[in-house]
Amino acid sequence: MEGAAAEDIDEPAIIQAQEDKDLDMGESDYFSEPKFDSVVDRYYTRLYKRVTPAMISTMLEMKESEEQLALKENICLDQFYFIHSNKLVLFGLSPRHEAIVNNSQNPITGVSFDANKKQRSQNKVTGKSKSGGTRLDPRTIVCEISTQNGKVYKVRSFVGNAYLIEMNQRVVQNPQLLAQKCESDGYLGIFIVKRGEEIMSVEREKDWAGFLSKEEYEKVSA
Amino acid sequence: MLFRESSLALYRILDFGPILDSLCVSAEPQLCTICRGVLQHCNTHLETLCTQVSAQAFEYTDFKITFSISIIAYLKRLLVIGMAEEELGKAFRYKQTKDRSVIDFKEVYKWIMSPLIAKRLNVPANLDGTFLIHVSFAQREEGGGAFHENTVIQGVQNEMESFSGMLGKGAKWKAKQDWKHKKDNHANQSGAVKGAEQVISSVSKLALPLLKELDVFKSQEIAQIDLNTLMSVDCTMDNILLYGRYVKLSREVSQTPWNLGTKRMHSVQALISDNLLPIFGSKQAFLHAAGREDIDVRMLGRGRPFVMEFVNPKKSLSCQGQIEDKGLRKAINSSLVYCHEFKIVDKEFFDSLKDIEISKAKSYSCMVWVKRRITPQDCDKLSTLVSELHVQQTTPIRVLHRRSLAVREKVIHRLQATYINQHYMHICLLASAGTYIKEFVHGDLGRTTPSVGSLLESEADILQLDVTNVYDSVQSVAELPLSKLFEIEVVSDGEADDGEA
């Protein structure tokens, strides 16, 4: 029996090692996550914007009762804005966005860029200077995200003086991409600021002052 | 002035005396009122001209000249023609009709001076030549002064504007146009030549009484000017085009000069041209390459074809002896860039350079990381899967700021993946021209399909990339076995290897 006991003690160790091997991520794993920057971190600066319904109401200057505000307080609708070194901006939903967090219970069923009866997805930009893009105002609704139980999330741009040059069609075709890879393949769109002009954030300042860097964002509690 | 009696006939001018006498209005020693001494005394300033040409130290086998004279001369001529019309009336047969018009100063000057210069410099004149002598009798440099072209033009335009009240609608519009040009001084500076033509044509439409009122003719200063004092001679030589192939061995060298903040990066253009400039006697050179590669990508194998354009080379003849591989290779003398296969080409070659850029297939070698664990079988599967694979590439985001948004279809002809370990592999591939390899590997957030990441059903990323060869056509290498295809040629500095493929 002692032998068996000895085996018993040994066994967990062997399984452990095997489990380590099967898992993709392991600290002791010689082949761990790459030590170089991912495609996103290599070229982009990550910025995040905290968005709450209260903010939206203030921006749209809607008057709401205390009750209504209380209901909406903790809803997180954060978005990200990744600025490329060539000044193009990639934007989409932050992984803390309510739609993504609740995806398992209430899956995202559709993404539409044709909000408010505007056929934006038909918009094509032409030429090197990419003229013809939709001009963004901080209140512009860029797209609408519909979920299974009927709840619709409207994504607003929160920046002005920028032009939307690309709307990610892959997310339209496969809405679950948004839930799984919201910060890479599941981005929502790309916009540019015309040469010689500056981005205008919703705080009416001509820069990204109202946005948080990656470290700041991680510090803020979800 | 010389007037054209009838349509053009060729003459050989043996004796310039009579021509000069008929050209210039005013007998010696006064200066001709029209040309202000330029054509009148052209044989006396011949010596100065030739000295100045020699001083600029060019090597040439033939020459051509261009000539420009101050607008003051043109305006004076208009006035004299006007006055001749008035006085002679019907007898004046040379009203500005198409076949009876005044011959431009430039043509007369060239007729007279070309043979004289040819004799003096001992080289023939050649209208299709490469060496240009520009003789100018006008003041066009920065600065001002009463005789400066711009001052005169602006002065005349001002007056035209004030006349516009008396003239019809057409002139008013013209005056408005001139005024608009006047508003922006900078436009005026560079558009001085264009402004001159406009001014001359609008002044020619003025009636004689108004013409006489122009300040240009009333000013004593301008009346006394001796244009010979404003003579300047500029020589230019056609640019020399040197073809070669370059091999880039560094991952920190850009193709054209680039400044990262204050730090000046090395560039292929500088590394090649810096030591070659003295050989050609040039001050500046431009690199035109058949395609580009990123700064962190090495260019190996036989090298990328390029044409180096040497601006205004003074040693266009003596450099011919030096155009052979070894001499130029030694001159370049850089451990970061290696060039060979030099030859002189002409302007038409640029078309074929562009052709090379868009038609040649290239082979690459890169190090790839894969997120999931892979096996040697995965690598083999990938190699067989990617054969004449059509890839749809939406313009990568990293170049989207300077290229238009479009979907381009490219072909990956062959691929060979070699297993290194569970997350890394080495890939060699042969792709059509214009394929973005980095985006083919990592998929550019899904904008390139299919990508190595999607083919392996995981995420992939590229660590290092090299261009291993530029091929003439896909057909020429289609039959080669993969091992031969992706062999990296080393072009060495040794005597034996002299640019052989």
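Right above here is the structure, for reference.
Residues numbered from 1 in each chain as written. Chains lettered and ligands numbered in written order. Predicted model: local features only at pLDDT ≥ 70, side-chain atom pairs only at ≥ 80, totals over all residues. Heavy atoms only, no water.

Asker: Provide a residue-level description of the pattern of salt bridges, including the pertinent values.
Answerer: As enumerated under the stated definition, the model contains 19 salt bridges over all chains in all. Note that Glu183(A) and Arg46(A) form a salt bridge whose closest N and O atoms lie 2.8 Å from each other. In this pair, Glu183(A) sits in the loop between α7 (176-180) and β10 (189-192) while Arg46(A) sits in strand β1 (residues 44-49), placing the two residues 137 residues apart along the sequence. Taking the relative accessible area as the measure of exposure, Glu183(A) reaches 18% and is therefore buried. Between Lys438(B) and Asp296(B) there is a salt bridge; the shortest N-O distance is 3.0 Å. Pair noted here: Lys438(B) is in helix α16 (residues 437-442) and Asp296(B) is in the loop between β7 (284-289) and β8 (297-311), with a separation of 142 residues, a long-range link. On the accessibility criterion, Asp296(B) (35% relative accessible area) is partly exposed. Because the salt bridges share partners, they merge into one network encompassing Asp294(B), Asp296(B), Arg398(B), Lys438(B) and Glu439(B). (Salt bridge = Lys/Arg side-chain N within 4 Å of Asp/Glu carboxyl O. Helix = DSSP H or I, 4+ residues; strand = E, 2+ residues; numbered from the N terminus. Buried < 20%, exposed > 50% of the residue type's maximum accessible area, 1.4 Å probe, protein only.)

Asker: Lay out the sheet that holds strand β1 (residues 64-69) of chain B in plain terms, naming residues and giving numbers.
Answerer: All names here are of chain B. The sheet built from 3 strands is open, its strands ordered β1-β2-β3 with mixed pairing. Only two strands of the sheet have a single partner each, and these edge strands are β1 and β3 (231-237). The average angle at which neighbouring strand axes cross in this sheet is 20 degrees, direction not considered. Direction of pairing for β1 relative to strand β2 (residues 131-137): parallel, over a ladder of 6 bridges. If you follow Thr66 over to β2, its bridge partner there is His134. (Pairing = 2+ DSSP bridges. Axes fitted to C-alpha atoms, helices over the stretch in contact; angles between N-to-C directions.)

Asker: Give me the lowdown on unusual backbone geometry, citing residues and values where you can.
Answerer: Residues and elements named next belong to chain B. The linkage connecting Thr449 with the following residue, Pro450, adopts the cis geometry, with an omega of -10 degrees. Following the sequence through the fold, Pro450 ends up in the loop between β14 (448-449) and α17 (452-455). Phi angles above zero are rare outside glycine, and Glu457 is one such case at about 55 degrees. For Glu457, the location among the structural elements is in the loop between α17 and β15 (460-470).

Asker: Before we move on, can you summarise a negative patch on the surface with the specific residues and values?
Answerer: All names here are of chain B. Where like charges cluster on the molecular surface, the negative patch consists of Asp346, Glu348, Asp351 and Asp355. Structurally, Glu348 can be placed in the loop between β9 (337-345) and α14 (349-359). The exposed category is assigned to Glu348, whose relative accessible area is 55%. (Patch = residues over 30% accessible without salt bridge, like charges linked within 9 Å, V, L, I, M, F, W, Y side chains within 5 Å. Areas by Shrake-Rupley, 256 points an atom, 1.4 Å probe, with all protein chains shown as cover. Lys, Arg positive; Asp, Glu negative; His and termini not counted. Charge placed at Lys NZ, Arg CZ, Asp CG, Glu CD.)

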